Amino acid sequence: MKSNPIITKKIIAGKFKGKTLKLPSKETTRSSKAIVLESFFNTVQFDIIDAVLVEVFSGSGSIGLEALSRGAKKIIFMEKDRDAIKTLRENIAQTDPNACEIVEGDSFTNIAHVKKRLLSLGEGAFIYIDPPFSYREGMEDIYDKMIGMISSLPLETVTLITIEHMSTLELPEEIGPFHRIKSKRFGKTSLTYYA
């Protein structure tokens, strides 16, 4: 039986530039494409310095670790898949584990814990949400749950919310207290920003 080759990607910029990150198996998570990643970091480039970033459905942690490399001071990763968490821990070990926190388990349940954590830090965070695409089995209501989760976030815990989603998905102008500020399309994937 052939074992699957390990898929990797490199950190693009900053103090950990060139570090190789492992990606978990494709069945459970998918990696943000380089062009999407680049666009996000072009949007937040100077604001991310000394900031907190929460990566929801973090998988291998490529967004959070790229942010850390580019000067973010703290990353909170939220992930429930065991294999992804194992890969995430290995990736964090190559960067700065002291600046990273992993919140294991269901993100929709654990958001309450993360909200308390952000309130205790006393500053707004960049929230990056990359949910499994809704055509996956058992994920049909994921976007409704995600919108509910965003609506529940206290204003003072958020600097910017970025959602990576299927381009076919129409997101509302407003989610709770947050307004859509822009949306960019990259083929089948789009990034939509709320503040």
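All of the points below concern the structure found in this document. Please read these numbers as outputs of a predicted model, since none were measured by experiment.

1. Quick look at the sheet that holds strand S9 (residues 178-186)
So, point 1. In space, the 8 strands of this open sheet follow the order S5-S4-S3-S6-S7-S10-S9-S8, with mixed pairing throughout. Here the strands that pair on one side only, and so sit at the sheet edges, are strand S5 (100-104) and strand S8 (174-175).
So, point 2. Here S9 pairs with strand S10 (residues 189-194) via 6 bridges, running antiparallel. Bridge pairing links serine 183 to threonine 192 in S10.
So, point 3. Of the strands in this sheet, strand S3 (52-56), strand S4 (74-79), S5 and strand S6 (125-129) are in contact with helix H4 (residues 107-121), which crosses S4 at around 165 degrees.
So, point 4. Docked against the sheet, helix H5 (residues 142-151) engages S3, S6, strand S7 (158-166), S8 and S9, running at close to 175 degrees with respect to S7.

2. Focus on unusual backbone geometry
So, point 1. The phi dihedral of aspartate 50 falls on the positive side, at around 65 degrees, and the residue is not glycine.
So, point 2. Relative to the elements of secondary structure, aspartate 50 occurs in the loop between helix H1 (34-44) and S3.
So, point 3. Even without a glycine there, the phi angle at phenylalanine 57 is positive, about 60 degrees.
So, point 4. Within the secondary structure layout, phenylalanine 57 lies in the loop between S3 and helix H2 (62-69).

3. Some remarks on the nonpolar core
So, point 1. Residues Val54, Ile127, Ile129 and Ile161 are the most contacted members of the largest nonpolar core, which totals 29 residues.
So, point 2. Mapped onto this core, the elements with two or more residues apiece are S3, S4, H4, S6, H5 and S7.
So, point 3. The greatest single-element share of this core, amounting to 5 residues, is contributed by H5.
So, point 4. Ranked by size, the runner-up nonpolar core spans 28 residues in total, among them Val36, Ala72, Leu191 and Tyr193.

4. Comments concerning the environment of alanine 67
So, point 1. Relative to the helices and strands, alanine 67 resides in helix H2.
So, point 2. Sequence separation between alanine 67 and glutamine 45 is 22 residues; the distance between their C-alpha atoms is 8.8 Å.
So, point 3. Excluding its chain neighbours within four sequence positions, the residues that come into contact with alanine 67 are Phe41, Ile48, Leu53, Ala72 and Ile75.

5. Some thoughts on helix H3 (residues 82-93)
So, point 1. Along its 12 residues, H3 runs 17 Å from first to last C-alpha, staying within 8% of the 16 Å computed at 1.5 Å per residue.
So, point 2. All of the buried residues in H3 are Ala84, Ile85, Thr87, Leu88, Asn91 and Ile92. Relative to the axis of H3, the buried residues are bounded by an arc of 165 degrees and lie together on one face. Facing away from the buried side of H3, by more than 90 degrees, are the exposed residues Arg82, Lys86 and Ala93.
So, point 3. Taken together, the buried residues of H3 touch strand S2 (20-23), H2, S4 and S5.
So, point 4. Measuring from the backbone nitrogen of aspartate 83 back to the side-chain oxygen at the start of H3 gives 3.3 Å, which picks out aspartate 81 as the cap.

6. Regarding H5
So, point 1. Those residues of H5 that sit buried are Ile142, Tyr143, Met146, Met149 and Ile150. Buried residues of H5 fall within an arc of 115 degrees about the axis and therefore sit on the same side.

Procedures and definitions
Residues numbered from 1 in each chain as written. Predicted model: local features only at pLDDT ≥ 70, side-chain atom pairs only at ≥ 80, totals over all residues. Heavy atoms only, no water. Pairing = 2+ DSSP bridges. Helix = DSSP H or I, 4+ residues; strand = E, 2+ residues; numbered from the N terminus. Contact = heavy atoms within 4.5 Å. Axes fitted to C-alpha atoms, helices over the stretch in contact; angles between N-to-C directions. Core = buried A, V, L, I, M, F, W, Y, C linked by side-chain atoms within 4.5 Å. Buried < 20%, exposed > 50% of the residue type's maximum accessible area, 1.4 Å probe, protein only. Expected span 1.5 Å × (residues − 1). Arc of directions from axis to C-beta. Polar contact = N/O pair within 3.5 Å; in protein donor to acceptor, adjacent residues only side chain to side chain.

Everything listed here is a matter of geometry and, on its own, says nothing about what the molecule does.
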